[in-house]
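Spelled out from the first residue to the last, the chains are:
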Amino acid sequence: MSRATKAGAIRAILVFALLLALPFVFTDHWIVNIAFFGLMFAVLAVAWNLIGGYAGYIWLGSIAFFGLGAYALAITFQHVPLTSGYLPFFALIPIGIAIGIVSIPLALLLLRVRAATFAVVSLAVLFVAEIFAFNLDGLTGGPQGLGMALPPFVVTTFERPFYLAMLVLLAAVMFCSWYLAKSKFGLMLFAIKGDEDRARGLGVRTTTVKVIAFALCCGFTGMAGGLWAYYITWIYPQFAMDPNTMFAIILMTYLGGKGTLWGPVLGAFLLAPAKEYFAYTLGGSAFYLIAYAALFLLVMFFLPRGVVPTVADFLARHRRRAAVLASGPRPAGEQVA
Amino acid sequence: MHLLIYGCILGILLGGVYGLMASGLALVWGIMRVLNIAQAVCVILGSYLAFTAFTVLHVDPMLAVLPISVVMFVFGVGIYYAFLRPIRRDRESLSILVTYAIAIGIEGALGLIYTTSLQHTGTSYATQSFEVGGFQIPTVELYAFLISVAILGLLALMLQRTRLGRALRAATQNPTAARLLGVDIDRVSAVGFGIGISTAAAAGAVYGMIYSFNPNSHYDLIGILLAIVVLGGFGSMRGAIVAALILGVIASVVFIYWPLWANLSFFGVVVVVLLFRPQGLWGVPNWATQ
Amino acid sequence: MTAMLEVRGVTKSFGGVVAVDHCTFSVAAGSLTGLIGPNGSGKTTLFNVITGYLPSDSGEIRLDGRLIRKPDPTWLYRQGVARTFQNARIFPELTLRENLALAIPAGWRMLLNIAISRADRERIDEALEIFGLSPLADHRAGELSYGQSRLLEFATTLMGRPRLVLLDEPTAGVNPIMIEILENHIRRLHETGVTVLLVEHRLEILMRLCETVIVLDQGALIAEGPPERVRRDPKVLDAYLGA
Ligand SMILES: Nc1ncnc2c1ncn2[C@@H]1O[C@H](COP(=O)(O)OP(=O)(O)OP(=O)(O)O)[C@@H](O)[C@H]1O
Ligand SMILES: [Mg+2]
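Residues numbered from 1 in each chain as written. Chains lettered and ligands numbered in written order. Predicted model: local features only at pLDDT ≥ 70, side-chain atom pairs only at ≥ 80, totals over all residues. Heavy atoms only, no water.

**Some points on the overall build of chain B**
Looking only at helices and strands, chain B has 11 helices and 2 strands in total. Secondary structure elements of chain B occur, N-terminal to C-terminal, as α-α-α-α-β-β-α-α-α-α-α-α-α. Its C-alpha radius of gyration of 19 Å places chain B within 12% of the 19 Å reference for a compact globule of 290 residues. Here the C-alpha coordinates of chain B stretch approximately 55 × 45 × 35 Å along the principal axes. Taken across its 290 residues, chain B has 58% of its residues classed as buried. Intrachain contacts of chain B at a sequence separation of at least 6 include 78% that bridge at least 24 residues. Put simply, chain B shows about 12,100 Å² of open surface, and 67% of that area lies on carbon and sulfur atoms. In chain B, which carries 13 positive and 9 negative side-chain charges, the distance between the mean positions of the two groups comes to 18 Å. (Helix = DSSP H or I, 4+ residues; strand = E, 2+ residues; numbered from the N terminus. Rg over C-alpha atoms; globule rule 2.2 N^0.38 Å. Buried < 20%, exposed > 50% of the residue type's maximum accessible area, 1.4 Å probe, protein only. Contact = heavy atoms within 4.5 Å. Areas by Shrake-Rupley, 256 points an atom, 1.4 Å probe, with all protein chains shown as cover. Lys, Arg positive; Asp, Glu negative; His and termini not counted. Charge placed at Lys NZ, Arg CZ, Asp CG, Glu CD.)

Shown next as structure tokens:
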């Protein structure tokens, strides 16, 4: 194992250990609740990053799959008893896989176009999903929403199982993201972001690569949606497939640093609590939207590359300068780029 | 059969208004490769301005169209300089996110001023209709259509005949060559964006007489507008107008038979476009092959 | 000699502009063929059609005598047809190593393999050595000079062990020393038995390198033959002076 990988592994273990300890140290409902949403957005942002960050495709329909997962779980457990309450957690796995598979034909259709056209048609996916959720009221309850049986967990630590399940999901999606970034497959995704046509001319099966990344993104997003549905037990179409949530995921990814491993997680941990806090104090009102817009624009203009790459660059420059100073005057002609 | 023809007539009337909204979107894309997600909220903003002019100043929305266009032109130019000009890298993707943020900012501001309850510009003729050959034509929809066509006509005239129009077209066709010929791309972009926004608002002024709206309505609208530019081909104003008419007719007909699913028909068309002609009716395929 | 590439009656127009007009020629296996023509005569477009970047309006393309119905860049690369672009296309965000690794064809194991496997690594190091890029191996390709990125693009193109390489003005915008380096690499490539189709403006290079030259003007093929003869062809002189 190289030094960089070792440092990375230690960092990951440390972060996950802290996250694991959190609900046992802080037992207040509101803290664990917010932490749950932090983890959920981290899962969503890391999953989005696979296609949006690594491959550079602005995929605006991912929240439709969040809703799909939510409805899939809720509808399944209309008919299946919850038993001890842990069954739905395991049901997420087949649901995630099924959603990943279902997304493949859609991916083949959408990925016929690129760039802005892709963004537009992917946004259409979100609208279509919303229309279905509203109109298929036999299945989804339409605007009245769809309820699930209350999870039979102890009230004092009610949030804990959900939190831990989401943590496991985060570990899974991050492992996936890490592994892809290290693999030849990840290289292909980066190449697609850089210059897709050139990649095609170098034998990269771009469609296959994009479709796999897309399906992974949708599968994980759907699992997060299912868990969310079980947690809040009553889902409405406008919350299960909210365009604002969609753009919040993107904003988090950009804030942390798109295309990086930890960027989306960092962005989610920074913004998700803020989002919950503002939604709570400003009540989802007009002020909330304005604050959100302002924050969005601030990030876009002042941190377009995100925190992680900016900090990494700064550190690299600092280290290089230190090295140069340590080694005395540098030979003429060599550049510090 | 009668119902079908009726649906087509209403669809064309409505399609004209959508055409006005979407042509601004296409113009802006053509000039500067910015996909303006805020186009729809500017339509709603136009509706609110006309609503205010009507309820407070008792000005008929059809007269208010002109001042609203002028005000919104200035607004659009301001937005361009404040938020779009600074985007240098990766404009195609970033502009989507930035204009989305602008859209929800405006949505929030409208919510503050007007609350989120549904409004409607209830002119005296709002509920009138007249009969032509056995079809009941709503008066407002006809007026809205005529105004939209008139504005589109003026826009076309401007693009064909004036120096500014030529600069705009040159910028659309070949920005590099246009720059070499002395066109100030920056200023042309600002003007183009202003025009795009003002067409949206003008369409909004008449739109508010036909439908009720609240700050949230732009979500329904943006889906429709995007479907229109996908069908018409990005950056093609002619495509946008034709596509708006086609989609208007399809949606109206679907509405008559399955009212709940009318909005879905827009996206059904998008699927067909993706399958058979990804570049849209008048679009050029995206080849980067130098 | 058998023809490696045959182009028959290929036409491609953009709106009113006929960029390639009923072109017919063939490239013999193992040959080094030059393709020249004034600016805008359709050389790049012809490359794009052959390598599947643009669909042709009519005509057919054969590889080893086999008709290629719908050329596709990915498939062609895996069949041993590689190309470069007129304005050196590399991946500036990736390191040189990664640029080269990407071009090594990968099967389904791509999902599981690490980015640069050990076997690949040796080939990559070898290529870097040959092209004199070893010192920059782990730098981002964006840091390269233009000439160096041309070298990298050239090296990348060879990672798939092509049989036919199409080079689009490899020496354009490059300093004289680099031109010589590139010229040597092209010659070496030819000597290893690879078929090369080379777009080049500088006649003296073509004279030195090529056995056959094809001349395009306004999309149409106007001359074909050894460089000395083509150079004196009145039609060719006309095309260049007229343009
Ligand atoms: N994607 C395209 N869309 C429209 N016209 C094009 C396109 N590509 C090329 N053309 C036109 O086709 C003609 C041939 O262009 P091409 O690039 O093939 O010429 P070339 O021989 O490579 O020229 P150069 O020596 O400048 O590289 C030109 O008139 C060009 O303007
Ligand atoms: Mg060329």
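**Considering the site of ligand 1**
Residues in close proximity to ligand 1 total 14 residues, the closest being Gly40(C), Lys43(C), Thr44(C), Thr45(C) and Gln86(C). More than one chain approaches ligand 1, the contributing ones being chains B and C. The contact in question runs from an oxygen atom of ligand 1 to an N or O atom on the side chain of Asn39(C), over 3.2 Å. In the model, an oxygen atom of ligand 1 is placed 3.4 Å from a nitrogen or oxygen of the Glu169(C) side chain. In isolation ligand 1 exposes 630 Å². Once the protein is present, 68% of that is buried. Counting only elements with at least two residues in the shell around ligand 1, the list comes to strand S2 (17-28) and helix H1 (43-50) of chain C. Residue classes in the shell around ligand 1 are distributed as 3 nonpolar, 9 polar and 2 charged. (Near = heavy atom within 4 Å. Polar contact = N/O pair within 3.5 Å; in protein donor to acceptor, adjacent residues only side chain to side chain. Nonpolar A, V, L, I, M, F, W, Y, C, P; charged D, E, K, R; others polar.)

**Some points on the packing of helix H2 (residues 39-57) of chain B against helix H9 (residues 218-232) of chain B**
Residues and elements named next belong to chain B. At a minimum axis distance of 8 Å, the contact between H2 and H9 shows a crossing angle of 125°. Judged on the interaxial angle alone, H9 and H2 are oblique. Where H2 crosses over H9, the two elements pack in a sense that is right-handed. Residues Gln 39, Ala 40, Val 41, Val 43 and Ile 44 of H2 touch H9, and the partners they reach there are His 218, Leu 221, Ile 222 and Leu 225. (Axes fitted to C-alpha atoms, helices over the stretch in contact; angles between N-to-C directions. Parallel < 35°, antiparallel > 145°, perpendicular 65-115°, else oblique. Left-handed = near helix turned anticlockwise from the far one by under 90°.)

**Topic: the coordination of the magnesium ion (ligand 2)**
Residue and element names in this part refer to chain C. Around the magnesium ion (ligand 2), the protein supplies Thr 44 (OG1) and Gln 86 (OE1) as donor atoms, at distances of 1.9 to 2.1 Å. In this pair, Thr 44 is assigned in helix H1 and Gln 86 in the loop between strand S6 (81-83) and helix H3 (96-102), connecting sequence segments 42 residues apart. Given the relative accessible area of 23%, Gln 86 is considered partly exposed. (Donors = N, O, S within 2.8 Å, 3.2 Å for Na, K, Ca; no water.)

**Here's the deal with the pairing of S2(C)**
All names here are of chain C. Pairing of strand S1 (residues 3-14) with S2, which is carried by 8 bridges, proceeds in the antiparallel orientation. The residue of S2 that forms the bridge with Val 7 is Phe 25. The turn linking S1 back onto S2 is made up of 2 residues, and Gly 15 within it adopts a positive phi angle of 55°. (Pairing = 2+ DSSP bridges.)

**A look at the pattern of salt bridges**
Per the counting criterion, the structure on display carries 22 salt bridges over all chains. We note a salt bridge from Asp197(A) to Arg200(A), for which the minimum N-O separation is 3.4 Å. Taken together, the positions of Asp197(A) and Arg200(A), both in helix H8 (residues 184-200) and 3 residues apart, correspond to about one turn of that helix. A salt bridge links Glu93(C) to Arg140(C); its shortest N-O distance comes to 3.7 Å. In this pair, Glu93(C) is assigned in the loop between S6 and H3 and Arg140(C) in the loop between helix H4 (118-130) and helix H5 (146-158), connecting sequence segments 47 residues apart. On the basis of relative accessible area, Glu93(C) is assigned to the exposed category, the value being 59%. One continuous salt-bridge network, built from bridges that share partners, spans Arg114(A), Glu196(A), Asp197(A), Arg200(A), Lys210(A) and Asp72(C). (Salt bridge = Lys/Arg side-chain N within 4 Å of Asp/Glu carboxyl O.)

**Remarks on the interface of chain B and chain A**
On the chain A side, the residues contacting the 40 residues of chain B number 39 residues. Between chain B and chain A the total buried area reaches about 3,500 Å² when both faces are included, carbon and sulfur atoms providing 82% of it. The largest share of the area that chain B buries against chain A comes from Leu97(B), Tyr100(B) and Leu274(B), three residues that together contribute 18% of it. Linking chain B with chain A are 6 residue pairs in polar contact (both at pLDDT 80 or more). Of all the secondary structure elements, the ones that give two or more residues to the side of chain B that touches chain A are helix H4 (91-114), H9 and helix H11 (262-276) of chain B. When its residues are assigned to classes, the side of chain B that touches chain A shows 31 nonpolar, 6 polar and 3 charged. (Buried area = accessible area lost by both parts, 1.4 Å probe.)

**Some thoughts on the nonpolar core**
If you look at the biggest cluster of nonpolar residues, it comprises 279 residues, and the most contacted ones within it are Trp59(A), Leu170(A), Phe247(A), Tyr18(B) and Ile228(B). Of the residues forming this core, the biggest block, 17 residues, is contributed by helix H2 (residues 29-54) of chain A. For this core, the domains that each give at least three residues are domain 1 (3-90 + 144-239) and domain 2 (91-143) of chain C. If near-sequence neighbours (up to four positions away) are discounted, Leu170(A) is found in contact with Phe16(A), Leu19(A), Leu39(A), Ala42(A), Val43(A), Val46(A) and Phe269(A). In this structure, Val7(C), Val10(C), Cys23(C) and Leu166(C) belong to the second largest nonpolar core, which totals 25 residues. (Core = buried A, V, L, I, M, F, W, Y, C linked by side-chain atoms within 4.5 Å. Domains from an automatic or database assignment.)

**As for the side chain of Arg150(C)**
Residue and element names in this part refer to chain C. Along the chain, the position of Arg 150 falls in helix H5. Within the buried set, Arg 150 has no salt-bridge partner at all; the shortest N-O distance to an opposite charge, 4.1 Å, is to Glu 153. Of the polar contacts made by the side chain of Arg 150, one reaches the backbone oxygen of Ala 172; its length is 3.3 Å.

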